[in-house]
Amino acid sequence: MSAHETHMVVKQLPVFTTFLYDHNNINADLIKLIDQYQRSSPDGLKHSTNLNAWRTDYLTQNDTTDFNFLIEIILKFISSVNDSYFNHNRTQYECFNFWVMKYTEGDCAYKHNHYPADFSCVYYISVTDESSPIIFENKLKIQPKNGMLVLFPGCINHNVFPTKDKRIAFSANFNKLNV
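Residues numbered from 1 in each chain as written. Predicted model: local features only at pLDDT ≥ 70, side-chain atom pairs only at ≥ 80, totals over all residues. Heavy atoms only, no water.

**With respect to the nonpolar core**
Counting residues in hydrophobic clusters, the biggest one holds 30 residues, and the most contacted among them are Phe67, Ile74, Tyr123, Leu151, Phe170 and Phe174. Put simply, the parts of the chain that give this core at least two residues each are helix H1 (23–40), helix H2 (68–84), strand E4 (93–103), strand E6 (119–127), strand E9 (148–153) and strand E11 (167–176). Sorting elements by how many residues they give to this core places H2 first, with seven residues. Apart from the residues lying within four places of it in its own chain, the contact partners of Phe67 are Leu30, Leu33, Ile34, Tyr37, Phe98, Val100 and Phe170. (Core = buried A, V, L, I, M, F, W, Y, C linked by side-chain atoms within 4.5 Å. Buried < 20%, exposed > 50% of the residue type's maximum accessible area, 1.4 Å probe, protein only. Helix = DSSP H or I, 4+ residues; strand = E, 2+ residues; numbered from the N terminus. Contact = heavy atoms within 4.5 Å.)

The structure is reproduced here in structure tokens:
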């Protein structure tokens, strides 16, 4: 194959947010579940990737179906976004990986993206006003709130500066189904 040239096009990419109905009850159940995971693996996988915080394996879906209800909620939100923003409601998606994480003071996530995921998300389970925001492309800053779901194209770079307080969250990646 011959050498290639790279040309850049500037395009704004959307980041979507919503709050889950009944998130107080959902989050209470999730915290118990995540605490259970942390007790069974107290060191988690901290410091092994771009995430400098305790987390489960990136393929947690291979270990449990306990989070399937949350994945179903996120899939409905993706469908809603496809319909309302992209005017396309026929595309179906599947979650190909997810993990949960617990930040404590000083923990952070270095700049990264989730390519080749079509969509990525983070769902905030337990945060405070002192929890660090997620920052997209060094420009868009979203302060996490309990029950907030943030959905974005997987190719968008993002990071989290060292946090001053806890941040318990769920993250997942989704791709189109080949239907």
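There's more to say after this.
**Some remarks on the sheet that holds E6**
Backbone-to-backbone hydrogen bonds join strands into a sheet, with any given pair of strands oriented parallel or antiparallel. On the basis of which strands lie adjacent, the open sheet formed by six strands has the order E1-E9-E6-E11-E4-E3 and antiparallel pairing. This sheet does not close on itself; its edge strands, each paired only once, are strand E1 (16–19) and strand E3 (54–55). With two bridges joining them, E3 and E4 adopt antiparallel strand pairing. Across the sheet, Arg55 pairs through a bridge with Met101, a residue of E4. In this fold H1 packs onto E3, E4, E6 and E11, with an angle of close to 90 degrees to the strand it touches most, E6. Of the strands in this sheet, E1, E4, E6, E9 and E11 touch H2, which is tilted by about 55 degrees from E11. (Pairing = 2+ DSSP bridges. Axes fitted to C-alpha atoms, helices over the stretch in contact; angles between N-to-C directions.)

**What to know about the sheet that holds strand E7 (residues 134–136)**
Across the sheet, five strands lie side by side as E2-E5-E10-E7-E8; this open sheet has antiparallel pairing. Each having just a single partner strand, strand E2 (51–52) and strand E8 (140–142) make up the two edges of the open sheet. Pairing between E7 and strand E10 (residues 158–160): two bridges, direction antiparallel. Pairing of Ile135 across the sheet is with Asn159, part of E10.

**Observations regarding the pairing of E4**
Summarising burial for E4: nine of the 11 residues are buried, a large majority. Where E4 meets E11, 10 bridges bridge the pair, whose relative direction is antiparallel. Across the sheet, residue Tyr103 finds its bridge partner in E11, namely Arg167.

**Some details on the environment of Thr104**
Considering the arrangement of structural elements, one finds Thr104 in the loop between E4 and strand E5 (108–112). Once the C-alpha coordinates of Thr104 and Thr163 are considered, the two residues, 59 residues apart in sequence, prove to be 7.1 Å apart.

**Side note on H2**
Spanning 17 residues, H2 covers 24 Å between terminal C-alpha atoms, matching the ideal 24 Å at 1.5 Å per step. Where H2 is concerned, the buried positions are Leu70, Ile71, Ile74, Leu75, Phe77, Ile78, Val81 and Asn82. For H2, the buried positions fall inside an angular range of 160 degrees around the axis, keeping them on one side. Projecting away from the buried face of H2 at angles above 90 degrees are the exposed residues Lys76 and Ser84. Residues of H2 that are buried make contact with E1, H1, E4, E6, E9 and E11. (Expected span 1.5 Å × (residues − 1). Arc of directions from axis to C-beta.)

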